[in-house]
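Below, each chain spelled out in residue letters.
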Amino acid sequence: MSQVPSSGLLEIFDPKAPPKAIGIDLGTTNSLVAYVKNERPTTVKDCDQAALLPSVVHYGDAGEVVVGRNAQLRAAEHPRETIVSVKRFMGRGGDDPETRRLGPYAFVAPEAGTANVVRFAVGRKVVTPVEVSAEILRSLRRLAEDELRSVGGAVITVPAYFDDAQRQATKDAGRLAGLEVLRLLNEPTAAALAYGLEKKQNGKFAVYDLGGGTFDITILVLDDGVFQVRSTGGDSALGGDDMDRALAEEIFRLTGRDAGGATPGEVRVVLDLARRIKHGLTDAMVVDFESPFGAGGSRGADGGASLSITRARFDELVEPLLARTGAACRRALKDAGMKADELDGVILVGGSTRVPAVRSWVAKTFGNEPLGDIDPEEVVALGAAIQANLLAGEGTADDVLLLDVIPLSLGIEVGGGIVDRILPRNTTTPAAARAAYTTQEDKQTGFEIHVVQGERELAADCRSLARFTLKGIPPMAAGMARLEVTFRVDADGLLSVHAREERTGVEQTVSVKPSYGLDDDTVEQMLLDAIDHGEEDLAARKLAEVRVEASRVAASTKKSLAADPDLLEPGEASRIEAAIADLEKAIGGADARRIELKIEDLDAATKTFAGRRMNRAIAQAIEGQALDTVERSVEHAKGIEAAHAESGPLPPAPPSG
């Protein structure tokens, strides 16, 4: 018997070896799994030596589930039962218009009382994006198990601009796939991790991540193993799929067909053709193709079924998409306090960065030839594997320190519909912050806490994350209750909110788990709106604040009139009531300055009355007391006043519960 050569064909496994931690890039178009082997990250390949698993899932009539390339082959014949680019549906609402244009699918409305999430009708089954993503993750887990025998925890990457709902959906998919999710890691950070440790480079870098369905731009600093994200931006609904759609619309135009009247099968065929043309134009200047509708179908302008698309035409089609990434890039640089010429490099991530127009656009925008010596489709998975290895305790703590940031501000709605930001965007995570509030009405027994996300000044213009009510507070006079609200964002970017009324100890903690993700207004649009409407937002905030103050002053004055009517001089009550009426009329208007003037008028009308009330209160307080006791009380009052002046007034209270 001849000896088996040690050529790598035979692997010796230690049956006592602990399970191996893995990193997963759950992509829109393709997904990968990687692990650290001999201190270097490596991707897991299938029997055909392919690392990329197409993110496609087919549901058969007999209940079978097919994932990957075999699912892709079924897409044209079974377009409704084959889910492609499911990542774009993660965390979205079932009534989100964006979901209706992403593919030829049949959607099912949510049942009464259930979460408003996307539901696909696939044959006799109804599945959600979380379940579809879990099938992809399950396939990756099995692929890793074939090579490693035993799989431990997993780090799963997500776009930096995924919001709380999309992150939670990804984590749920991992658990459903039987994975222990160690951490969700932002894709640009994972890519920088792979580059930083592989190349031992320090400096300021931009990570331009254009995948199949999402775009991220991250500005970070690498300094001897410390990865500090300075800013992040992007668009969670922009990627290679949009390039495919632009090409598909061009194919319909060239063939004289109406895209709106196409069947689901025709849409899938044309989208698949568009993707092949896109890939072909990476190396060729022109791609010839046959009409997908056959020679007997609609013909091209020259009367034949043979057509072509040039790279120049493709560049024209994708230019608006690249322009959309430009706004996010400029904003990210501004937020980081940097200029493009200060960067030491631009890292390309995502399969869509293979498109020549993208590379040219990045080089022109940043004035720097992008780095692409690590495969842009593998770099995220490699970085995730490094982080998984560290979290599993197999690396050294000195290897790397990740300092990520919050992409959008987090806060609560306070009186007048104003947003009080508790954690501003680009705050380094993990992070925690607290703020104190009080009641604005007498005998208020609860706080309704509305958690929002965004950069606008009014809650109505931001995205609602959660609502809950803190109840059980004893009736108190307005301003007596003290509510402390604490926000915590963990390493996965997920938010929890803790509310406590300090006087009673009543408290409640809520993990913010929205039922669906962003609607048509992507996070990028939210930031654009914050800039475009900056002045009017500030004006609206000022109006809301002054209305709250005016209402408080009017209510307090009415209460004083009722409490001490005997202190009023002849004609004084009518003057004060007229001033109150004028103020309440101004509150109904939209002129903040007018409201401020009416507050001043009411203050002038009540000044002498307020003085008489103060004298009575002092007389009652010192009646029967020794002089030294009174002096000590006065000194104590001065101390309280000084302390209050240092801390400042509490922000307006949330609406009454």
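Colleague: Would you take a moment to explain unusual backbone geometry for this structure?
Modeller: Unusually for a residue other than glycine, N38 sits at a positive phi of about 55°. In this fold, N38 is placed in the loop between β2 (30–37) and β3 (40–43). With phi around 75°, R149 is a residue other than glycine that occupies positive phi space. Relative to the helices and strands, R149 is located in the loop between α3 (129–148) and β10 (151–158).

Colleague: Teacher, can you tell me more about the pairing of strand β1 (residues 20–25) here?
Modeller: Within a regular strand, the side chains alternate between the two sheet faces. With 6 of 6 residues buried, β1 is to be regarded as a mostly interior element. By the alternation rule, side chains of β1 split into K20, I22 and I24 and A21, G23 and D25, which are all buried. Bridge count for β1 against β10 is 5 bridges, and the pairing is parallel. When the sheet's bridge partners are listed, K20 is paired in β10 with V151. Pairing geometry for β1 and β2, over 3 bridges, is antiparallel. From the neighbouring strand, G23 faces β2, where its bridge partner is A34. Where β1 hands over to β2, the hairpin turn is made up of 4 residues, counted between the paired strands.

Colleague: Is there a simple way to explain the sheet that holds strand β19 (residues 410–414) in this structure?
Modeller: Paired through backbone hydrogen bonds, the strands of a sheet run either parallel or antiparallel to each other. Taken in spatial order, the 4 strands make up an open sheet running β20-β19-β23-β24, and their pairing is antiparallel. Looking at which strands have only one partner, the edges of the open sheet turn out to be β20 (418–423) and β24 (463–471). Within this sheet the neighbouring strands show an average axis-to-axis angle of 30°, counted without direction. Note: β19 against strand β23 (residues 446–453), 3 bridges, orientation antiparallel. Within β23, the residue paired with L410 across the bridge is Q453.

Colleague: I tried to follow the sheet that holds strand β6 (residues 65–67) on my own but got confused; where do I start?
Modeller: Overall, antiparallel pairing links the 3 strands, which are arranged β6-β5-β7 in an open sheet. Bordering the open sheet on either side are β6 and β7 (82–84), each of which pairs with just one other strand. The sheet shows a mean angle of 20° between the axes of neighbouring strands, direction not considered. As defined by bridge partners, strand β5 (residues 56–59) adjoins β7 across 3 bridges and the pair is classed as antiparallel. Paired with V56 across the two strands is V84, which belongs to β7. Where α3 meets the sheet, its contacts fall on β5, β6 and β7, and the angle it forms with β5 comes to roughly 110°.

Colleague: Is there a simple way to explain helix α4 (residues 164–176) in this structure?
Modeller: Three or four residues apart is the spacing at which side chains of an α-helix point the same way, because the helix has 3.6 residues per turn. Along its 13 residues, α4 runs 18 Å from first to last C-alpha, staying within 8% of the 18 Å computed at 1.5 Å per residue. Here α4 lies mainly inside the structure; 10 of its 13 residues are buried. On its buried side, α4 packs onto α3, β10, β11 (180–186), β24 and β26 (495–501). A positive phi of about 85° marks G178, the residue just after α4.

Colleague: When you look at the confidence of the model for the protein in this model, what are you seeing that I'm missing?
Modeller: Parts of the model with low pLDDT should not have their predicted coordinates read in detail. Scored by pLDDT, the protein comes out at a mean of 79, with 80% of its residues at no less than 70. The least confident element of the protein is helix α15 (residues 627–647), whose mean pLDDT is 50; the most confident is β1, at 94. Across residues 1–12, confidence stays below pLDDT 50; counting only partners more than four residues off in sequence or on other chains, it has 1 contact. Residue range residues 514–524 is modelled with pLDDT below 50. Its contacts to residues more than four positions away, or to other chains, number 44 contacts.

Colleague: Hey, could you run me through the side chain of E250 in this one?
Modeller: Relative to the assigned elements, E250 resides in helix α6 (residues 240–254). In this structure E250 comes out as buried when scored by relative accessible area, which is 5%. A polar atom in the side chain of E250 sits 3.1 Å from the side chain of R313. If near-sequence neighbours (up to four positions away) are discounted, E250 is found in contact with I309, R313 and L317.

Colleague: Looking at this structure, I do not really get the nonpolar core. What am I missing?
Modeller: Where a protein is soluble and globular, its nonpolar side chains tend to be buried together. Within the largest apolar cluster, 46 residues are counted, with the highest numbers of intra-cluster contacts made by Y208, I217, I277 and F366. The biggest single contributor to this core is helix α8 (residues 311–336), with 10 residues. Residues within four places of I277 in sequence aside, it is in contact with L247, I251, V287, F289 and I309. V56, V57, A71 and F120 belong to the second-largest nonpolar core, a separate cluster that totals 43 residues.

Colleague: Looking at this structure, how should I read the packing of α6 against α8?
Modeller: Between two packed helices, what matters for the description is the angle formed by their axes and the separation of those axes. Taken N-terminus to C-terminus, the directions of α6 and α8 make an angle of 130°; their axes are 10 Å apart at the nearest point. Between α6 and α8, the interaxial angle falls into the category oblique. Note on packing geometry: the crossing formed by α6 with α8 is right-handed. The segment α6 lies against α8, with D242, M243, A246, L247 and E250 engaging R313, F314, L317, V318 and L321. Residue composition of the contact of α6 with α8, by class: 7 nonpolar, no polar and 3 charged.

Colleague: When you look at the packing of aromatic side chains in this model, what are you seeing that I'm missing?
Modeller: Aromatic rings in a pair are described by how distant their centres are and how their planes are angled relative to each other. Following the criterion strictly, the structure yields 9 aromatic pairs and no others. Here Y208 and W361 contribute two aromatic rings whose centre-to-centre distance is 6.2 Å and whose plane-to-plane angle is 40°, an arrangement assigned as tilted. Of this pair, Y208 sits in strand β12 (residues 203–210) while W361 sits in helix α9 (residues 356–366), placing them 153 residues apart in sequence. For the pair shown, Y208 and W361 are each scored as buried. Here the aromatic residues F89, Y105, F107 and F120 are joined through ring pairs into a cluster of three or more.

Colleague: Hey, could you run me through helix α10 (residues 379–391) in this one?
Modeller: For α10, with 13 residues, the first-to-last C-alpha span of 19 Å sits near the 18 Å given by 1.5 Å per residue. Of all the 13 residues making up α10, 12 are buried; the element is thus mostly covered by neighbouring parts of the structure. Of all the residues in α10, the buried ones are V379, V380, A381, L382, G383, A384, A385, I386, Q387, A388, N389 and L390. Where α10 ends, the next residue or the one after it, G393, has phi of about 85°, a positive value.

Colleague: Is there a simple way to explain the environment of E266 in this structure?
Modeller: Residue placement: E266 occurs in helix α7 (residues 264–280). Here E266 falls in the partly exposed class, since its relative accessible area comes to 21%. When the C-alpha atoms of E266 and E77 are compared, they prove to be 9.5 Å apart, with 189 residues separating the residues in sequence. Those residues in contact with E266 that lie beyond four places of it in its chain are R257 and F293. Looking at E266, its side chain comes within polar contact range of the side chain of R257, at 3.0 Å.

Colleague: Looking at this model, I keep getting lost on the environment of A328. Mind explaining?
Modeller: With respect to the secondary-structure elements, A328 resides in helix α8. In sequence terms A328 and D216 are 112 residues apart; their C-alpha atoms lie 8.3 Å from each other.

Basis of the calculations
- Residues numbered from 1 in each chain as written.
- Predicted model: local features only at pLDDT ≥ 70, side-chain atom pairs only at ≥ 80, totals over all residues.
- Heavy atoms only, no water.
- Helix = DSSP H or I, 4+ residues; strand = E, 2+ residues; numbered from the N terminus.
- Buried < 20%, exposed > 50% of the residue type's maximum accessible area, 1.4 Å probe, protein only.
- Pairing = 2+ DSSP bridges.
- Axes fitted to C-alpha atoms, helices over the stretch in contact; angles between N-to-C directions.
- Contact = heavy atoms within 4.5 Å.
- Expected span 1.5 Å × (residues − 1).
- pLDDT = per-residue confidence, 0-100.
- Polar contact = N/O pair within 3.5 Å; in protein donor to acceptor, adjacent residues only side chain to side chain.
- Core = buried A, V, L, I, M, F, W, Y, C linked by side-chain atoms within 4.5 Å.
- Parallel < 35°, antiparallel > 145°, perpendicular 65-115°, else oblique.
- Left-handed = near helix turned anticlockwise from the far one by under 90°.
- Nonpolar A, V, L, I, M, F, W, Y, C, P; charged D, E, K, R; others polar.
- Phe/Tyr/Trp six-rings, centres within 6.5 Å; stacked < 30°, edge-to-face > 60°.

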